[in-house]
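Reading the structure
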Amino acid sequence: MRDIDKTRTIRDAATVVLVRDAGTDRPRVLMGQRGARAAFMPNMFVFPGGALDPEDEHVPLAEAGAEPCRTRLDLNARPGIGPGLLAAAIRELWEEAGQILGEPGQWPGPVPPSWRSFADTGHVPSADGLAFVFRAITPRGRTRRFDARFFVADAARLKTDPDDFTHAEDELAQLQWVGLDEVREFNLPFVTQVALAEIAGRLPDLSAPQSVPFFDNAAEQTLFHRLGGTHPMDAGKL
């Protein structure tokens, strides 16, 4: 079988930005450090997140996500992808940080293998409170390329202890709550810096914005779109 060129393939992905103490003078976000041997963004501090799995699109959500998020997730994308991206965000948060966004309940059918540890906690995933706030496609030439959707949520919605990371897998090290007043001291990818600036500028509001910024690097030239807002305009190369 022919190997897939991961520098050309763009995978759909979801990322969760958990905000703690949003209404105080020192809000914090949950971040962790990628390993030195990681093929994508080694050693950098990032939010929990990862690629959409096919199983994510068949997961029952206790809350499918309020409008306008579901509609905007379908813009410039495969129709109907929204619920799968919301589920992927919740799964990645559980796998990488051991934190649960969900509601107590029983799954209505067989649990997909990648979701069994989540289901064993007695929860069904819930997108209640997840707001779609940012989207970016990895530029050409990187070792991996993703079409990443960033979701923000208040840490108060967690069903788990926000300081307990014992159930996290080992993909992210040094999981911690980072104050926005010190985040610039960390080694952050450029897209993470941009997403943080968008979120910080709206605090303490964690609801869906009027339109979602989208850095579209699918082609050679970077375009800046506003999903649900104005027409795209040329933003130059990042």
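Residues numbered from 1 in each chain as written. Predicted model: local features only at pLDDT ≥ 70, side-chain atom pairs only at ≥ 80, totals over all residues. Heavy atoms only, no water.

Positionally, E96 belongs in helix α2 (residues 82-97). Nearest to the buried, unbridged E96 among oppositely charged side chains is R34, at 5.2 Å. In contact with E96, not counting residues within four places along its chain, are F47, P48, G49, A168, E169, E171, L172 and L175. (Helix = DSSP H or I, 4+ residues; strand = E, 2+ residues; numbered from the N terminus. Buried < 20%, exposed > 50% of the residue type's maximum accessible area, 1.4 Å probe, protein only. Lys, Arg positive; Asp, Glu negative; His and termini not counted. Salt bridge = Lys/Arg side-chain N within 4 Å of Asp/Glu carboxyl O. Contact = heavy atoms within 4.5 Å.)

Turning our eyes to something else, we now look at the nonpolar core. Grouped together as the largest cluster of nonpolar side chains are 41 residues, with contacts concentrated most on L18, I90, L93, L130 and F151. Listed by contribution, the elements that provide at least two residues to this core are β1 (10-20), α1 (69-74), α2, α3 (116-119), β7 (131-137), β8 (145-154), β9 (172-179) and β10 (212-216). No other element matches α2, which puts 9 residues into this core. By size, the runner-up hydrophobic cluster in this structure holds 28 residues, among which are V17, A22, V183 and I199. (Core = buried A, V, L, I, M, F, W, Y, C linked by side-chain atoms within 4.5 Å.)

As a further point, take the side chain of Q33. Checked against the element boundaries, Q33 lands in strand β2 (residues 28-34). Of the residues examined, Q33 reaches a relative accessible area of 18% and is grouped as buried. Here the side chain of Q33 touches Q174 through a polar contact of 2.8 Å, side chain to side chain. (Polar contact = N/O pair within 3.5 Å; in protein donor to acceptor, adjacent residues only side chain to side chain.)

Positionally, V212 belongs in strand β10. Sequence-wise, V212 and L73 are 139 residues apart; in three dimensions their C-alpha atoms are separated by 9.6 Å. Sequence-distant contacts of V212, defined by excluding residues within four places in its chain, comprise R72, F132, V133, F134, R135, H225, R226 and L227.

What follows deals with unusual backbone geometry. Negative phi is the rule for most residues except glycine; trans is the rule for most peptide bonds. Residue P204 is reached from L203 by a cis peptide bond, and omega for that bond is 10 degrees. Structurally, the position occupied by P204 is in the loop between α4 (190-200) and β10. Its identity as a non-glycine residue notwithstanding, D21 has a phi of 60 degrees, on the positive side. Mapped onto the elements of the fold, D21 is located in the loop between β1 and β2. Classification of D21 as partly exposed rests on a relative accessible area of 32%. A positive phi angle, near 50 degrees, is found at Q174, a position not held by glycine.

Moving on, we come to the layout of surface pockets. Computed from the structure, the second largest pocket encloses a volume of approximately 180 Å³. Every residue lining the second largest pocket is listed: L180, V183, R184, F186, L188, Q193, L196, A197 and A200. Residues that form the lining of the second largest pocket fall into these classes: 7 nonpolar, 1 polar and 1 charged. (1 Å grid on protein atoms, 1.4 Å probe; cavity = no way out; pocket = protein on both sides within 12 Å on 5 of 7 lines; lining within 4 Å. Points joined across faces, edges and corners; volume = space filled by probe spheres on them. Nonpolar A, V, L, I, M, F, W, Y, C, P; charged D, E, K, R; others polar.)

Now for the packing of aromatic side chains. Tallying each qualifying case throughout the model produces 8 aromatic pairs. Considering the side-chain rings of W115 and F118, the 5.3 Å spacing of their centres and the 75 degrees angle between planes classify their relative orientation as edge-to-face. Considered together, W115 and F118 belong to a single accessibility category, that of buried residues. Its end group placed over the ring of W177, R20 keeps NZ or CZ at 5.2 Å from the ring centre. (Phe/Tyr/Trp six-rings, centres within 6.5 Å; stacked < 30°, edge-to-face > 60°. Lys NZ or Arg CZ within 6 Å of the ring centre and 35° of its normal.)

Attention shifts here to the confidence of the model for the protein chain. In this model, the protein chain carries an average pLDDT of 87, and 89% of its residues clear a pLDDT of 70 or more. The low-confidence segment residues 1-5, where pLDDT is below 50, has 1 contact with residues more than four positions distant or belonging to other chains. For the stretch residues 230-238, pLDDT sits under 50, and the model shows 17 contacts to residues farther than four places along the chain or on other chains. (pLDDT = per-residue confidence, 0-100.)

Right, let's get into α4. Among the residues of α4, those classed as buried are T192, V194, A195, L196 and I199. Close packing links the buried residues of α4 with β1, β2, β3 (45-46), β7, β8 and β10.

Take the environment of G98 next. Position of G98 relative to the elements: it lies in the loop between α2 and β5 (102-104). Considering only alpha carbons, one finds G98 and P162, 64 residues apart in sequence, at a separation of 9.0 Å. Filtering out sequence-adjacent residues up to four positions away, G98 remains in contact with L93, T160, D164, H167 and A168.

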